[in-house]
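# Structural description and commentary
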Amino acid sequence: MTQGKMDFIDRDLQELKDEGLYKNIQTLEGAQGAWVQIKGEKVLNFCSNNYLGFAADPRIKEAAKKAIDKYGVGPGAVRTIAGTMTIHKELERELAEFKGVEATLVLQSGFSANLAAIPALADKGDTIISDELNHASIIDGSRLSRAAKKVYPHNDMDGLEKVLKETPEGKKLIICDGVFSMDGDIAPLPEIVELAEKYGAMTYVDDAHGEGVVGRAGRGIVDHFNLHGRVDVEVGTFSKALGVMGGVIAGSKNLIEYLIQKARPFTFSSALTVPDTAATLEAVRILSESGELVEKLWENARYFQKGIKEIGLNTGLTETPITPVMIGEAHQAADFSRRLLEEKIFAQAIGFPLVARGKARIRVMISATHSKDDLDFALEKFKKIGKELNLV
Ligand code: PMP
């Protein structure tokens with residue numbers, strides 16, 4: 001009787017393969033870093049959000065080990081039941097200082113932070129106004145909220161104002177990524193804040209790719225535009241520049257108190273583990289002391305982007321170290337990526353539906369840990385393969 005009830009799985013998997021959307025995941029035989037090992041070979045790593053090299057930084061590994069000796073590994077349960085550990089409070093306090101906000105709340109991931117904050121702030125009868133290129137976790141958080149959703153064209157302020165004008169009574173929540181992950185462009189936050197103030201909307205920015213990258217010593221998008229106190233909610237992740245795993249919501253004391261009472265992934269999912277918490281705390285301390293690694297990241301990004309343009313390839317809209325090398329059709333980008341791996345460079349091809357058709361690209365994630373020799377090696381290979389594929 002039960003035969004066939006799971007047949008849809010094979011059918012759907014085959015469909016993904018037929019459409020070229022099936023994800024094949026590489027296995028790394030060691031730590032994240034400028035070079036990683038795949039199938040026994042060292043390859044230059046352009047696929048990681050480990051912007052500052054913190055994922056395997058000796059100071060951060062040591063901090064995690066020490067914390068394990070003191071606190072163990074697991075938090076025991078959700079914080080509202082098992083209690084909060086001192087180390088979580090320390091991280092929340094130091095993150096608030098670093099970001100220049102009154103308070104922060106630490107969650108298990110950036111994804112979880114969006115699922116926590118959005119439904120707590122918007123409900124039935126309210127409206128969420130979202131940039132069309134916002135991250136999947138914002139889309140899912142918005143769905144969970146039961147609020148009405150309106151989408152404005154990417155970074156288009158006339159489009160945003162039009163939506164705001166048409167929005168009925170009820171709370172309004174404007175949400176955008178700070179740095180957009182596929183193009184590396186930055187949201188026009190000052191204009192968004194002005195429109196929000198004009199129309200009485202709350203502002204919410206997901207700064208996953210901005211933290212540790214933009215602003216003074218990586219203090220993020222709000223700091224980059226000097227908008228302290230004018231953005232209601234900042235969400236972040238520890239999994240990119242901070243090199244670890246976890247998420248954060250930052251804002252006023254009141255907001256954080258409210259989320260502690262209301263946000264479901266806080267109330268119903270256990271706290272961030274001890275090593276993650278300690279490692280993130282050490283990353284924040286390193287950044288609080290010096291912006292040196294952030295400067296190195298930008299120096300590397302400028303050097304590589306200039307080199308790519310000199311080859312005759314283009315880097316699209318980027319304003320950050322995220323470097324899309326624009327190729328065109330998805331199959332060409334896939335060929336390019338495959339050839340790069342043969343030449344010992346690990347860089348992903350990104351095509352439809354993640355980006356528009358005809359805008360497929362190789363997405364190069366630059367890190368402060370890349371040396372000038374690494375970048376020169378890569379530029380030479382991009383030139384060679386670009387010629388092979390008649391792109392330059
Ligand atoms: N928001 C944005 C904008 C992101 O790019 C990401 C990571 N892909 C997330 C949230 C999710 O973060 P995490 O990996 O910590 O769940």
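Heads up: the structure comes first, above all this text.
The notes below deal with the structure included here.

How each quantity is defined
- Residues numbered from 1 in each chain as written.
- Predicted model: local features only at pLDDT ≥ 70, side-chain atom pairs only at ≥ 80, totals over all residues.
- Heavy atoms only, no water.
- Helix = DSSP H or I, 4+ residues; strand = E, 2+ residues; numbered from the N terminus.
- Rg over C-alpha atoms; globule rule 2.2 N^0.38 Å.
- Buried < 20%, exposed > 50% of the residue type's maximum accessible area, 1.4 Å probe, protein only.
- Contact = heavy atoms within 4.5 Å.
- Polar contact = N/O pair within 3.5 Å; in protein donor to acceptor, adjacent residues only side chain to side chain.
- Near = heavy atom within 4 Å.
- Areas by Shrake-Rupley, 256 points an atom, 1.4 Å probe, with all protein chains shown as cover.
- Nonpolar A, V, L, I, M, F, W, Y, C, P; charged D, E, K, R; others polar.
- Pairing = 2+ DSSP bridges.
- Axes fitted to C-alpha atoms, helices over the stretch in contact; angles between N-to-C directions.
- Salt bridge = Lys/Arg side-chain N within 4 Å of Asp/Glu carboxyl O.
- Patch = residues over 30% accessible without salt bridge, like charges linked within 9 Å, V, L, I, M, F, W, Y side chains within 5 Å.
- Left-handed = near helix turned anticlockwise from the far one by under 90°.

Right, let's talk about the overall build of the protein for a bit. On a plain count of helices and strands, the protein comes out with 15 helices and 13 strands. Over its C-alpha trace the protein gives a radius of gyration of 22 Å, about what one expects of a compact globule, namely 21 Å for 392 residues. Overall, the protein is about 60 × 60 × 55 Å in size when its C-alpha atoms are taken along their principal axes. Looking at the protein as a whole, 52% of its 392 residues are labelled buried. Restricting the contact set of the protein to residue pairs at least 6 apart, pairs at least 24 apart contribute 70%.

Among the secondary structure elements, His209 is positioned in the loop between strand S7 (202-206) and helix H9 (221-224). Taking relative accessible area as the criterion, His209 reaches 7% and is therefore assigned buried. Linking His209 and Gly178, residues 31 residues apart in sequence, is a C-alpha distance of 7.2 Å. Apart from residues no more than four positions distant in its own chain, His209 is found in contact with Asn49, Tyr51, Val179, Ser181, Lys240, Ile322, Arg363 and Met365. One polar contact links His209 to Tyr51, side chain to side chain, over a distance of 2.7 Å.

This paragraph deals with the site of the ligand. Taken together, 13 residues lie around the ligand, and Gly110, Phe111, Asp206, Thr237 and Lys240 are the ones closest in. Within the contact set of the ligand, a nitrogen atom lies 2.6 Å away from a side-chain nitrogen or oxygen of Asp206. Within the contact set of the ligand, a nitrogen atom lies 3.0 Å away from a side-chain nitrogen or oxygen of Lys240. Protein contact buries 84% of the 400 Å² of open area that the ligand shows by itself. Looking at the shell around the ligand, its residues break down into two nonpolar, eight polar and three charged.

What follows deals with the sheet that holds S7. In spatial order, the strands read S3-S9-S8-S7-S6-S4-S5; together these seven strands make up an open sheet with mixed pairing. The sheet is open, and its two borders are formed by strand S3 (103-107) and strand S5 (148-152), each paired with just one other strand. With strand direction ignored, the average angle separating the axes of adjacent strands in the sheet is 20°. Most of the contacts of helix H4 (residues 86-99) go to S3, to which it runs at about 125°, and overall it touches S3, strand S8 (233-237) and strand S9 (247-251). The strands touched by helix H8 (residues 189-199) are S5, strand S6 (172-177) and S7; relative to S6, the strand with the most contacts, the crossing angle is about 175°.

Another aspect to go through is the pattern of salt bridges. This model, assessed by the stated rule, comprises 24 salt bridges. Between Arg143 and Asp140 there is a salt bridge, with the nearest N and O atoms lying 3.3 Å from each other. With Arg143 and Asp140 both in helix H6 (residues 136-145) and three residues apart, this pair spans about one turn of that helix.

Let us now look at a nonpolar patch on the surface. Together, Met6, Phe8, Ile9, Leu13, Leu16 and Tyr22 make up an exposed nonpolar region whose accessible area comes to about 500 Å². Take Met6: it is sitting in the segment before helix H1 (7-18).

What follows covers the packing of helix H5 (residues 110-121) against H6. One can describe the packing of H5 onto H6 by two numbers: an axis separation of 8 Å at closest approach and a directional angle of 35°. Judged by the twist between their axes, the crossing of H5 over H6 is right-handed. Counting all contacts with H5, which are made through Phe111, Asn114, Leu115, Ile118 and Pro119, the residues of H6 involved are Ser137, Ile138, Asp140, Gly141, Ser142, Leu144 and Ser145. Taken together, the residues of the contact of H5 with H6 break down into six nonpolar, five polar and one charged.

Now for the sheet that holds strand S11 (residues 345-346). Spatially, S1-S2-S11 is the arrangement adopted by the three strands of the open sheet, whose pairing is mixed. Two strands close off the open sheet at either side, each with one partner strand: strand S1 (35-38) and S11. Alignment of S1 against strand S2 (residues 41-45), held across four bridges, turns out to be antiparallel. Its bridge partner being in S2, Ile38 is matched across the sheet by Glu41.

Extensive coverage of strand S10 (residues 322-328) is indicated by the burial of seven of its seven residues. Residues of S10 alternate between two faces, with Ile322, Pro324, Met326 and Gly328 on one and Thr323, Val325 and Ile327 on the opposite face, all of them buried. In this sheet, strand S13 (residues 360-365) lies alongside S10 in antiparallel orientation, the contact comprising six bridges. What sits directly across from Val325, in S13, is Ile362.

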